[in-house]
Amino acid sequence: MTTLLPETDRGGGPGAHEEAFDAAIAADERIEPRDWMPDAYRATLVRQIAQHAHSEIIGMQPEANWITRAPSLRRKAILMAKVQDEAGHGLYLYSAAETLGASRDELLDKLHSGRQKYSSIFNYPTLTWADVGAIGWLVDGAAITNQVPLCRCSYGPYARAMVRVCKEESFHQRQGYELLLALSRGTEAQHAMAQDAVDRWWWPSLMMFGPPDDASKHSAQSMAWKIKRHSNDELRQRFVDICVPQAESLGLTLPDPELRWNEERGHYDFGPIDWSEFHEVLRGNGPCNEQRLDRRRRAHEEGAWVREAAAAYARKHGEQDGDGRTAA
Amino acid sequence: MTTSEWPLWEVFVRSRRGLSHTHAGSLHAPDAEMALRNARDLYTRRSEGVSIWVVPSSAVTASSPDEKDPFFEPAADKPYRHPTFYEVPEGVRHL
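Residues numbered from 1 in each chain as written. Chains lettered and ligands numbered in written order. Predicted model: local features only at pLDDT ≥ 70, side-chain atom pairs only at ≥ 80, totals over all residues. Heavy atoms only, no water.

Enquirer: Just give me the short version of the packing of helix α6 (residues 130-147) of chain A against helix α7 (residues 156-184) of chain A, but keep the residues and values in it.
Expert: All names here are of chain A. Where α6 meets α7, the closest approach of the two axes is 7 Å, and the angle between their N-to-C directions is 145°. Every pair of crossing elements has a handedness; the one defined by α6 and α7 is left-handed. Classifying every residue of the contact of α6 with α7 by side-chain character gives 12 nonpolar, nine polar and two charged. (Axes fitted to C-alpha atoms, helices over the stretch in contact; angles between N-to-C directions. Helix = DSSP H or I, 4+ residues; strand = E, 2+ residues; numbered from the N terminus. Left-handed = near helix turned anticlockwise from the far one by under 90°. Nonpolar A, V, L, I, M, F, W, Y, C, P; charged D, E, K, R; others polar.)

Structure below.
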């Protein structure tokens with residue numbers, strides 16, 4: 001993620017550069033920060049990467065909710081590492097957005113004021129310990145299905161951030177699966193708790209892939225720019241196909257009576273998704289929208305004195321010692 | 001004072017001894033020491049490195065992508081700098 005700021009006015013005008021941009025996309029080459037790019041391409045990427053970054057840091061909340069109540073030291077250490085990873089993913093992605101000329105403060109400000117979104121999935125509550133498992137298996141599983149193709153996204157810094165994120169996500173998914181398996185094979189009450197969590201997280205996880213292709217307003221252009229490599233419905237189907245046998249191995253069921261193998265298509269058929277719920281949550285009426293944003297704003301405000309103190313220390317230190325430091 | 005007033009740093013990580021440092025990414029930090037600590041937490045959580053450099057992004061001078069062709073052109077017409085340019089008679093070995 002080279003963060004040298006893009007040169008917005010280098011003369012020549014778009015006409016002279018557009019051809020080079022189109023040729024690079026056609027040849028499956030990566031676009032790098034200081035290359036000329038259409039304004040709409042830049043804006044689309046900032047919107048998508050920012051939303052992605054916001055999702056990572058808001059996503060810390062539902063799981064952090066269980067750190068103090070993890071059932072063993074092993075589970076606690078794992079959960080802390082996972083939540084720390086989510087913070088890291090947010091930082092990789094904010095850096096990638098900054099290579100497009102967005103500022104960190106501006107991005108956080110837009111999150112805090114609700115002008116930029118984060119993934120709706122994090123507006124659902126984590127009611128039991130089993131939810132930590134369901135999030136790892138289903139939510140991170142859906143995220144991986146979405147993110148693996150992003151490793152080949154046409155914008156270099158985003159693609160490189162995603163490579164790093166995907167490597168780390170597979171630990172997240174496995175720990176969730178293992179956690180659910182332990183519960184599923186545990187007492188009757190534990191098994192029921194695991195089943196309940198899967199029942200609640202299944203449909204919201206399918207919604208993570210976004211609206212159906214015919215209702216997705218950004219999809220076609222993003223695919224043409226090779227930001228997106230597969231359509232929402234294609235990825236959703238891939239996810240369902242992966243999950244069904246995994247659920248069987250867990251000894252848990254998925255809450256969809258219409259779920260069955262379709263020999264002809266070579267895929268699992270699944271029931272209709274309640275998009276009215278998706279849009280309600282997106283509009284801010286999910287169970288936890290307000291709580292998540294309040295918590296985020298408060299954390300930012302309450303951390304202000306730390307940021308100020310560090311900056312004051314750096315200023316003072318810089319005055320005394322000068323800036324010179326050797327890198328060796 | 002806000003985060004954006006913290007300067008941006010480029011992070012280079014040596015993944016193991018014998019390899020050079022490579023660019024890993026960037027981060028904001030108030031000073032070099034904090035940049036190093038943040039880089040450790042951000043880029044080496046899984047033992048990805050044995051050494052880290054942090055460099056203020058403002059200290060990097062880069063070639064312009066617009067000059068790509070003219071800037072690198074001098075190398076393009078000198079194939080004789082590559083060993084494959086030369087014909088070697090059959091049977092000659094260790095050359």
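Enquirer: Could you give me a rundown of the sheet that holds strand β2 (residues 22-28) of chain B, with the residues and numbers involved?
Expert: Residues and elements named next belong to chain B. Read from one edge of the open sheet, three strands run β2-β1-β3, paired in antiparallel fashion. Every other strand in the sheet has two partners, leaving β2 and β3 (51-56) as the edge strands with one partner each. Sheet twist, expressed as the average angle between the axes of neighbouring strands with direction ignored, equals 30°. In this sheet, β3 lies alongside strand β1 (residues 8-14) in antiparallel orientation, the contact comprising six bridges. When the bridges of β3 are listed, Val13 appears paired with Ile52. (Pairing = 2+ DSSP bridges.)

Enquirer: Lay out the environment of A:Ala309 in plain terms, naming residues and giving numbers.
Expert: Relative to the assigned elements, A:Ala309 resides in helix α13 (residues 304-321). Each C-alpha atom, one on A:Ala309 and one on A:Ala40, is 39 Å from the other, the two residues being 269 residues apart in sequence.

Enquirer: Report on helix α8 (residues 188-207) of chain A, specifying residues and quantitative values.
Expert: All names here are of chain A. Relative to the 28 Å expected for 20 residues at 1.5 Å per residue, α8 spans 30 Å between its end C-alpha atoms, a close match to the ideal helical length. A bend of about 30° at Trp201 is the largest found in α8, and the proline Pro204 appears one to four places after it. Looking only at α8, the buried set comprises Ala194, Gln195, Ala197, Val198, Trp201, Trp202, Trp203, Pro204, Ser205, Leu206 and Met207. Turning to α8, the residues buried within the fold contact α6, α7, α10 (232-250) and α11 (275-285). (Expected span 1.5 Å × (residues − 1). Bend = angle between axes of the 7 residues up to and from the residue. Buried < 20%, exposed > 50% of the residue type's maximum accessible area, 1.4 Å probe, protein only. Contact = heavy atoms within 4.5 Å.)

Shape descriptors only; they carry no functional weight alone.
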